[in-house]
Each structure stands twice: as structure tokens, then as C-alpha cells.
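Structural characterization, general
Here's the letter readout for the chains.
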Amino acid sequence: MTLTTNRPTVAVLGPGGVGGLLAALLSRSGHRVVCVARESTACALREGGIEVRSGLFGDFTAAVEADTELREPVDACLVAVKHTALDDALTRVPPAALGDALVVPLLNGVEHPAALRARYGPGRVAAGVIRVEATRLGPRAADSGSTGTPGTAGPASGPVVIEHGSPFAEIDLAAGTASRPRLDALAAALRTAGATARVVEDETTALWAKMAFLAPFALLTTRYGLPLGEARTRHRAELESLVAETAEVSRASGAPADPAAAMARYDAFPPAARSSMQRDAEAGRPLELDAIGGALLRAAARYGVPVPVTARLVREIGAAGH
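Described in the following lines is the structure provided in the data block. (Residues numbered from 1 in each chain as written. Predicted model: local features only at pLDDT ≥ 70, side-chain atom pairs only at ≥ 80, totals over all residues. Heavy atoms only, no water.)

Details of the state of the cysteines
Two cysteines, two sulfur atoms, one covalent bond between them: this is a disulfide. Following the criterion strictly, the structure yields zero disulfides and no others. For Cys35, which is in no disulfide, the shortest distance to another cysteine sulfur is to Cys77 and amounts to 10 Å. Between Cys43, a cysteine without a disulfide, and Cys35, which holds the nearest cysteine sulfur, the sulfur-to-sulfur distance is 13 Å. Cys43 sits in the partly exposed class, given a relative accessible area of 22%. (Disulfide = S-S within 2.5 Å. Buried < 20%, exposed > 50% of the residue type's maximum accessible area, 1.4 Å probe, protein only.)

Looking at the side chain of Arg232
For Arg232, the location among the structural elements is in helix α7 (residues 228-234). Although Arg232 is buried, it makes no salt bridge; Asp267 carries the closest opposite charge, 4.4 Å away. At a separation of 2.6 Å, a polar atom in the side chain of Arg232 contacts the main-chain carbonyl oxygen of Tyr266. When near neighbours in sequence (up to four residues on either side) are disregarded, Arg232 contacts Leu239, Tyr266, Asp267, Phe269, Pro270 and Pro271. (Helix = DSSP H or I, 4+ residues; strand = E, 2+ residues; numbered from the N terminus. Lys, Arg positive; Asp, Glu negative; His and termini not counted. Salt bridge = Lys/Arg side-chain N within 4 Å of Asp/Glu carboxyl O. Polar contact = N/O pair within 3.5 Å; in protein donor to acceptor, adjacent residues only side chain to side chain. Contact = heavy atoms within 4.5 Å.)

Comments concerning the pattern of salt bridges
Within this structure, the stated rule accounts for 25 salt bridges. The salt bridge partner of Arg234 is Glu230, with a shortest N-O separation of 3.2 Å. In this pair, Arg234 and Glu230 both sit in helix α7, four residues apart, roughly one turn of the helix. Given the relative accessible area of 56%, Arg234 is considered exposed. Given the relative accessible area of 37%, Glu230 is considered partly exposed. Look at the salt bridges and you will find they share partners, linking Arg131, Glu170, Asp172 and Arg198 into a network.

Things to note about the sheet that holds strand β5 (residues 65-67)
Taken in spatial order, the five strands make up an open sheet running β5-β2-β1-β6-β7, and their pairing is parallel. Two strands lie at the open edges of the sheet, namely β5 and β7 (102-105), each paired on one side alone. Across this sheet, the average inter-strand angle for adjacent strands is 20°, counted without regard to direction. Across the sheet, helix α2 (residues 39-48) touches β2 (33-36) and β5, and the angle it forms with β5 is around 160°. (Pairing = 2+ DSSP bridges. Axes fitted to C-alpha atoms, helices over the stretch in contact; angles between N-to-C directions.)

In C-alpha cells, the structure reads:
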């Protein structure tokens with residue numbers, strides 16, 4: 001199967017905030033979308049679809065197909081689960097079922113593309129980065145657990161509700177070892193659906209560009225339980241240190257970094273903005289601390305870059321028992 005039509009079939013593994021938004025946008029624009037999720041979520045999707053609430057895209061409901069496992073080849077598979085659930089979620093997408101589908105992870109962190117290439121083959125996997133604020137509000141299964149174990153979740157009713165809070169949904173795709181023409185076709189499909197999508201040349205630069213912004217934002221807001229506006233004011237010296245440390249690790253990893261531009265972007269962000277890690281901490285969900293803070297520390301150690309403020313915040317967040 002090749003990604004050459006204007007309406008490729010797209011699987012979405014993990015229809016949460018990010019995956020649910022993209023699934024709904026793609027469905028609304030005429031694509032066949034298959035969401036892969038636990039049984040309770042799959043039932044809710046089949047019965048009620050995805051309800052999107054968005055200032056940018058409007059309020060709408062989109063119908064999608066849903067199953068607990070991918071059972072047929074598709075053109076592309078967007079992997080949009082939290083890193084904490086990645087290993088369990090991937091069991092729902094057997095390599096043999098994919099055909100020659102393009103696998104595009106939209107996860108936080110920088111280490112996951114290697115793991116996905118080991119599972120699905122280097123020619124199938126293209127790294128992706130998304131910048132968006134989107135939250136799944138419901139419905140919730142009776143057990144509200146996060147293990148993703150088939151058959152253990154309770155019933156869920158009503159549509160899957162996605163609140164899109166940012167005035168943008170920007171996606172960078174880097175072919176790396178995958179087919180550039182197929183990635184161009186997927187980017188075009190995402191643009192037709194309403195997202196801002198582009199194909200970039202360098203995977204390392206794309207992944208670290210997000211990491212360099214996300215890591216200070218996530219670590220600072222989670223550590224102090226504050227929205228960005230208060231955190232950047234009350235803990236500005238720490239924010240500046242985090243930005244400087246992350247920039248040094250980014251450069252050592254082979255990606256450019258601009259600390260001044262990063263600080264300007266933090267200052268321009270809405271003061272009420274909260275990181276996804278902070279939201280997870282407040283809700284008692286597992287944190288992507290290892291995928292973000294841990295990955296940053298491992299890269300720093302690999303290149304001999306001192307990151308004392310980052311290390312302290314990672315340690316303190318971990319000690320808080322989130």
C-alpha cells in the first residue's frame with residue numbers, strides 16, 4: 001500500500017487530546033480514520049464519535065472507526081499515546097498488521113524513534129513533533145486506570161470530548177529513514193484537515209527544538225504547581241537556568257538552540273498555560289518525567305554537559321511521588 005491518494009486511511013493509536021483532535025480533523029476532511037484504544041474508549045468512539053471544542057477549528061463531532069487492535073493495513077499510523085503507556089499501547093499495533101504503513105510518533109522526548117524503528121523497521125518510522133494544547137475531557141471508564149489492559153476497563157458513555165485550547169496545531173515531520181514522498185503526502189493530508197504541517201530535513205533538530213522548549217516548561221510548572229505566568233515570574237532565575245542548560249544539551253546533541261528566543265516565547269505564552277506534565281500530576285496520573293527530564297539528563301551525561309538545576313528539579317519531582 002502506498003500513501004499516494006488525497007484521502008489516505010489513517011490509524012490513530014491513542015485518541016487522547018492530541019490523537020483525538022487529529023483523528024477528528026482528518027475524519028471531518030474526508031479521511032477514513034481507525035482509532036486504536038482500550039475497549040471502553042473504543043466503545044465510546046463507535047457510539048458517539050469525537051466531539052471537538054475549539055476556538056480555531058470550531059465545535060463539531062466527527063465519526064471514526066475504533067477497535068482495540070489494528071487488524072488491517074493502513075496508509076499511516078499516528079502514535080499519540082503518553083510515553084508512560086507506549087510499551088503497552090504498541091501491543092495493539094502488531095507489525096504484521098501494518099502492511100507498509102508509515103508510522104509517525106507524536107510523543108514528547110527524543111528517545112522513542114529508535115525504539116519504534118527497532119519494532120517496526122527503520123523504513124516505516126518518521127519522527128513527528130506536534131505543538132498544540134489539547135485535552136481529552138471524557139468520557140472516563142469506570143476504573144479510570146491507565147494500564148490499557150484489554151477487558152479490564154468499565155463502561156464509558158457519550159462521545160470522546162476533546163478541548164483544543166491553543167490558537168494553533170503545528171506539526172513538523174522528519175523523514176529520517178522513511179520515504180520522503182509518503183511523508184509529503186501525509187503532511188498534505190494534515191494540512192487539508194486544518195493543521196499546520198510541514199516536512200523538515202533534520203530529525204535531530206526537530207526533536208530537540210521541541211525538547212528545548214518543553215523540558216523547562218514541564219519541569220518548572222510541575223515542580224511548583226503553578227501556571228506558566230506565575231512560574232516565569234516567581235521562579236525566573238530557575239527558568240533561565242533551565243533554558244540555558246537545555247540549550248547546551250541541544251547543541252551538544254547536534255541541534256541549534258537560541259535561549260533568548262526561548263525566553264521570549266515563554267514570555268509570550270498565555271499566563272494561564274499549564275504543561276501536560278503538570279496536568280498529569282494534578283490528576284494523579286503517571287508522569288512523563290523519564291521521557292522528558294530523564295532523557296535530558298541522559299543526553300547531558302553522554303556529552304558531559306553540567307545541568308544542576310535540571311537534575312535538582314527532576315529529583316524533587318520524583319521525590320514528590322507523582
